[in-house]
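Descriptive analysis of the structure
This is what each chain is made of:
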Amino acid sequence: MIHIDPERCKRDLICVMECPARILEQKTKEAPPVLVRDGEALCIRCGHCVAVCPHEAFSHRDIPGDQLEPVRPELQISFDQTAQFLKSRRSIRSYKNQPVEREKILDILNVARFAPSGHNNQPVSWLVIYNTDELRRLTSMVIDWMRQMQQENPAMAAQWHFDRILAGYEIGMDGICRHAPHLLIAHADKADPTAPDACVIAASAAELSAFAMGLGVCWAGFFRTAALFWPPLSQALALPSGHLPYAALMIGYPRFVYHRIPPRKQLSITWRT
Ligand SMILES: Cc1cc2nc3c(=O)[nH]c(=O)nc-3n(C[C@H](O)[C@H](O)[C@H](O)COP(=O)(O)O)c2cc1C
């Protein structure tokens, strides 16, 4: 599964130290590292071995060299840039009546593929509700769920002000998907314990990538919850068998520009020293 070019390898053991599954070892001081017994089964195909080797000595059967993108230091961003970027992201709830180009959505989701996942499982799939009429139809099912919840769980309905959302809906206001043109849904197999975290982290990466592109995003928590618990909506989504929707993002072009960063709670932190 692995090959280390003995000419290029400098025996620095960086690959051995960086392998998260600890499946590389050096038998003798002179020899390049080798795979431990059962190494192939234990490997999580994260590609760290190939990516970290400064000498390009490492090859891995399942990680083709032509798929390894170089890291470009000139594109790295500073802490100040990162802080400004992350703090100036806003949940966008007013969208232009303009579709987002499918290529842009593809670019965003192709960045989200690189988000971390437990055991490098990469369990996330996406359902893109691109058709705005279809999104409105699905949104009406969230409204049905809210009406049902008012009967079944009035305390929860009151806590989340379903009455206001439902009253707004009656007069043409979409408090669920905020009239966004599209919805991105991250879904994964419920049998995979890494799935919920992976979907949320990938959705967060998608949100930030969209923001960097000048697009607006807002997490669609009501939609996501209804999709989990309201059978008509779950059925309408028609996800692959065993899959659950763990994150949903409205997406579109923002109507307004934010000029200031609103304050947030003070940092809550405990140092154990
Ligand atoms: C998991 C999650 C679900 C959310 N669901 C909704 C939602 O259904 N509708 C909505 O308008 N905003 C939703 N939001 C956005 C939050 O209200 C928003 O993040 C918060 O008010 C802070 O504003 P900011 O994102 O602009 O900093 C959700 C956020 C998260 C993280």
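Criteria and cut-off values
- Throughout, residues of each chain are indexed from 1 in the direction in which the sequence is written.
- Whole-chain, interface and lining totals are the exception, using all residues; otherwise, since this is a predicted model, local features are given only for residues with pLDDT of at least 70 and side-chain atom pairs are given and counted only at 80 or more.
- Numbering of helices and strands runs from the N terminus; a helix is a DSSP stretch of H or I covering at least four residues, while a strand is a stretch of E covering at least two.
- Between the two quantities, the radius of gyration covers C-alpha atoms and the globule rule is 2.2 Å times the number of residues to the power 0.38.
- To sort residues by burial, count the other C-beta atoms lying within 10 Å of each one's C-beta; a count of 20 or more means buried, 12 or fewer means exposed, and anything in between means partly exposed. C-beta atoms are built from the backbone.
- Any residue pair is listed as a contact if its two C-beta atoms, each placed from the backbone, are within 7 Å.
- The angle between two axes is taken between their N-to-C directions and runs from 0 to 180 degrees, where each axis is a line fitted to C-alpha atoms and a helix contributes only its stretch in contact.
- For classification, angles of less than 35 degrees are called roughly parallel, those exceeding 145 degrees roughly antiparallel, those between 65 and 115 degrees roughly perpendicular, and all remaining angles oblique.
- Throughout, a crossing is termed right-handed when the near helix is turned clockwise from the far one, and left-handed when it is turned anticlockwise from it by less than a right angle.
- In this classification, the charged set is Asp, Glu, Lys and Arg, the nonpolar set is Ala, Val, Leu, Ile, Met, Phe, Trp, Tyr, Cys and Pro, and all remaining amino acids, among them Gly, are polar.
- In this text, near has one meaning. A residue is near a molecule or strand if its C-beta atom, placed using the backbone, is within 6 Å of it.
- Pairing between strands is defined by DSSP: at least two bridges between the two strands are required.
- The term nonpolar core means buried Ala, Val, Leu, Ile, Met, Phe, Trp, Tyr and Cys residues held together as one set by C-beta atoms within 7 Å.

**A few points about the overall build of the chain**
- Secondary structure summary: the chain contains 11 helices and 8 strands in total.
- For 273 residues, the compact-globule formula gives about 19 Å, and the C-alpha radius of gyration of the chain, at 23 Å, lies well above that figure.
- Based on the C-alpha atoms only, the size of the chain along its principal axes is roughly 75 × 45 × 45 Å.
- Buried positions account for 29% of the 273 residues belonging to the chain.
- Looking at the chain alone, contacts between residues at least 24 apart form 73% of all its contacts between residues at least 6 apart.

**A look at the packing of helix 6 (residues 132–152) against helix 8 (residues 162–170)**
- Viewed as axis vectors pointing N to C, helix 6 and helix 8 meet at an angle of 135 degrees, and their least axial separation amounts to 10 Å. With respect to each other, helix 6 and helix 8 are oriented oblique. Of the two elements, helix 6 crosses helix 8, and the hand of that crossing is left-handed. Residues Ile143, Met146, Arg147, Met149 and Gln150 of helix 6 touch helix 8, and the partners they reach there are Phe162, Ile165, Leu166 and Tyr169.
- Along the lines of polarity and charge, the residues of the contact of helix 6 with helix 8 split into 7 nonpolar, 1 polar and 1 charged.

**A look at the site of the ligand**
- The environment of the ligand is formed by Arg90, Ser91, Arg93, Cys218, Trp219, Ala220, Gly221 and Phe222.
- For the shell around the ligand, the elements supplying multiple residues, two or more each, are strand 7 (216–219) and helix 10 (221–229).
- Broken down by class, the residue content of the shell around the ligand amounts to 4 nonpolar, 2 polar and 2 charged.

**Describing the packing of helix 5 (residues 102–112) against helix 9 (residues 195–212)**
- It is the contact of helix 5 with helix 9, at a shortest axis distance of 8 Å, that shows an interaxial angle of 135 degrees. Taken together, the axis directions place helix 5 and helix 9 in an arrangement best described as oblique. The two elements helix 5 and helix 9 meet at a crossing, and its hand is right-handed. Between helix 5 and helix 9, the residues in contact are Ile108, Leu109, Val111 and Ala112 and Ala202, Ala205, Ala206, Ser209 and Ala210, respectively.

**Let's talk about the sheet that holds strand 6 (residues 182–189)**
- The strand order across the open sheet formed by 4 strands is 5-6-8-7, and the pairing between neighbours is antiparallel. With one partner strand each, in any of the chains shown, strand 5 (125–129) and strand 7 form the two edges of the open sheet. Ignoring strand direction, the axes of neighbouring strands in this sheet form an average angle of 25 degrees.
- As paired elements, strand 5 and strand 6 share 5 bridges and run antiparallel to each other. Within strand 6, the position partnered with Leu127 by the bridge is Ile185.
- With respect to the sheet, helix 10 is in contact with strand 6, strand 7 and strand 8 (243–252), its orientation differing from that of strand 8 by roughly 155 degrees.

**Regarding the nonpolar core**
- Leu183, Cys199, Phe223 and Leu249 are the most contacted members of the largest nonpolar core, which totals 48 residues.
- When residues of this core are traced back to their parent elements, those giving at least two are helix 5, helix 6, strand 6, helix 9, strand 7, helix 10 and strand 8.
- For Leu249, the contacting residues outside a window of four places in its chain are Leu183, Leu184, Ala203, Ala206, Glu207, Val217, Trp219 and Ala220.
- With 12 residues, the next largest nonpolar core counts Ile4, Leu24, Cys43 and Ala57 among its residues.

**Quick word on helix 10**
- Considered for burial, the residues of helix 10 that qualify are Phe222, Phe223, Arg224, Ala226 and Ala227.
- In this structure, the buried residues of helix 10 make contact with helix 6, strand 6, helix 11 (231–237) and strand 8.

**Details of the environment of Gly118**
- Checked against the element boundaries, Gly118 lands in the loop between helix 5 and strand 5.
- In sequence terms Gly118 and Asp197 are 79 residues apart; their C-alpha atoms lie 8.1 Å from each other.
- Residue contacts for Gly118: discarding those within four places in its chain leaves Thr194, Asp197 and Ala198.

**Topic: unusual backbone geometry**
- Of note, the phi angle at Arg22 is positive, near 55 degrees, even though the residue is not glycine.
- Checked against the element boundaries, Arg22 lands in the loop between helix 1 (14–18) and strand 2 (24–25).
- Backbone geometry places His161, a non-glycine residue, at a positive phi of 55 degrees.
- Along the chain, the position of His161 falls in the loop between helix 7 (154–159) and helix 8.

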